[in-house]
Amino acid sequence: MSLKCGIVGLPNVGKSTLFNCISSGKAQSANFPFCTIDPNLGSTNVPDRRLEVLTDLCHPKRTIPATVDIVDIAGLVKGASKGEGLGNQFLGNIRDTDAILHVLRCFDDGNVVHVDGSVDPVRDKEIVDAELQIKDLETVENRLAKLRKMATTGGDKDARKMVELLERYKEALDQGKSCRTVALNNPEEESFAHDLFLLTNKPVMYVCNVDEASAAGGNAYVDAVREAVKDENAEILVIAAKTEAEIAEIEDYDDRQMFLSEMGLEESGVVRLIQGAYHLLNLQTFFTAGEDECRAWTIRRGDKAPKAAGVIHSDFERGFIRAEVIKYDDFVQYKSEAAVRAAGKLATEGKEYVVEDGDIMHFLFNV
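Parameters at a glance
- Residues numbered from 1 in each chain as written.
- Predicted model: local features only at pLDDT ≥ 70, side-chain atom pairs only at ≥ 80, totals over all residues.
- Heavy atoms only, no water.
- Helix = DSSP H or I, 4+ residues; strand = E, 2+ residues; numbered from the N terminus.
- Contact = heavy atoms within 4.5 Å.
- Pairing = 2+ DSSP bridges.
- Axes fitted to C-alpha atoms, helices over the stretch in contact; angles between N-to-C directions.
- pLDDT = per-residue confidence, 0-100.
- Parallel < 35°, antiparallel > 145°, perpendicular 65-115°, else oblique.
- Left-handed = near helix turned anticlockwise from the far one by under 90°.
- Buried < 20%, exposed > 50% of the residue type's maximum accessible area, 1.4 Å probe, protein only.
- Core = buried A, V, L, I, M, F, W, Y, C linked by side-chain atoms within 4.5 Å.

1. Regarding the environment of K149
Inspection of the secondary structure assignment puts K149 in helix α4 (residues 121-153). Through-space distance from the C-alpha of K149 to that of A159 is 8.9 Å; in sequence the pair is 10 residues apart.

Right under this line is the structure:
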């Protein structure tokens, strides 16, 4: 499955700097608003030590990691919902993503101007939230106008259910709350909510961009953000984007790790960000491993074997017969599929098997 995260925030908070150090794309980074006019799309590998281990054991012809697409979206300003700045273009680009990485400036630097004249990440967050909420309210009210007629004049039961959910969304938005705060009662509502593509319904990670000295422990700005979002179902990541960009330029692995250690960090912010995005979207990884290829595949937690098979090819899901499953730790212990089979550690699973993170799988199908 394809995963796309959009980096958003006010101008000059560090969006493009962050994009440059986590993706293979290169966005212009300049000290003025709207230096990123068009959304920049890059792709980055999902760091996973397990895939490296499987490659060492299998010696495949090729190794293919899972990837995350990163979109650097032009900076938003107050009034974007009414077309200010890059307005509608900005909001349209967010609508096309799976999750939002909301970058907040949590550092002081007189050489980097702030569009509102001072550093206040909570205020910045509220500006972006308000613009997204205004746009969502417009969407909800337009859908309500159509569906209310269908529910009352046509007696459409599905329309009545949709109206009930939309009214709950409208109530939340009128109170200045995001749609993600509205509880969904059943899979039917979840499906309808997904089809609405509401901006404030997307999972969000707040990326607190700090100076190098605050990379390990945060600072007062970060503390203020934590307090402001404590009631939201959101992730928080502290990262020094400028320093991360410097780390990304270091080619030697040991030198990079030494740099991180001196900062008091065990892993780079890039690794923590991607792992956080996986957790945010309830994703996990399974593997296929052999002489031809070792590959990581992304699925949602709770997906069953046929769904995982379908990620590889739709024919695999449609004609699914069974799956052969090896636990990662067993493969590492016995060092080959043949040895795992001989030890009786290979399991044959059917359509109801719920895939676990790290499973090594082979699918049998017939179309």
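So much for the structure itself; the text now carries on.
2. A word on the side chain of R180
Note on placement: R180 falls in the loop between α5 (157-174) and α6 (187-196). Setting aside residues up to four positions removed in sequence, R180 forms contacts with L199, T200, N201, K202, V204, Y206, E232 and N233.

3. Comments concerning the sheet that holds strand β7 (residues 235-239)
Strand order in this open sheet of six strands is β2-β4-β1-β5-β6-β7, and the pairing throughout is mixed. Two strands lie at the open edges of the sheet, namely β2 (40-45) and β7, each paired on one side alone. Neighbouring strand axes in the sheet, compared pairwise and without regard to direction, differ in orientation by 25 degrees on average. The sheet contact formed by strand β5 (residues 99-105) and strand β6 (residues 204-209) spans six bridges and is parallel. Among the inter-strand pairings, V103 is bridged to a residue of β6, identified as V207. Here α4 sits on the sheet in contact with β5 and β6, set at roughly 145 degrees to β5.

4. Thoughts on the confidence of the model for the protein chain
Should the pLDDT be low somewhere, the predicted coordinates at that spot are not to be read in detail. Here the protein chain shows a mean pLDDT of 86. Residues at 70 or above account for 89%. A low-confidence stretch, residues 32-37 stays under pLDDT 50, and its non-local contacts, those more than four residues away or across chains, total 18 contacts.

5. With respect to the environment of E131
Mapped onto the fold, E131 is located in helix α4. Linking E131 and T200, residues 69 residues apart in sequence, is a C-alpha distance of 9.8 Å.

6. Points about the packing of α4 against α5
Their axes nearest at 9 Å, the elements α4 and α5 cross at an angle of 150 degrees. Relative to α5, the element α4 is oriented roughly antiparallel. The way α4 lies across α5 gives a crossing that is left-handed. Counted together, Q133, D136, L137, V140, E141, R143, L144, L147, R148, M150 and A151 of α4 and A159, R160, M162, V163, L166, E167, Y169, K170, L173 and D174 of α5 form the full contact between these two elements.

7. Looking at unusual backbone geometry
Most peptide bonds take the trans configuration, and most residues that are not glycine carry a negative phi. The backbone phi angle of H59 is positive, close to 50 degrees, even though this residue is not glycine. Within the element layout of this structure, H59 appears in the loop between α2 (49-58) and β3 (62-64). Positioned with a positive phi, F197 is a non-glycine residue whose angle comes to about 55 degrees. Along the polypeptide, F197 turns up in the loop between α6 and β6. Residue classification places F197 among the partly exposed residues on the basis of a relative accessible area of 42%.

8. Some details on the nonpolar core
Counting residues in each nonpolar core, the largest one holds 67 residues, and the members touching the most others are C5, I7, L18, I22, V68, V207 and L273. Dropping the residues within four chain positions of it, L273 is found in contact with L18, I22, L101, M205, V207 and L237. One finds A159, L166, A172 and L173 within the second-largest nonpolar core, a separate group that totals 18 residues.

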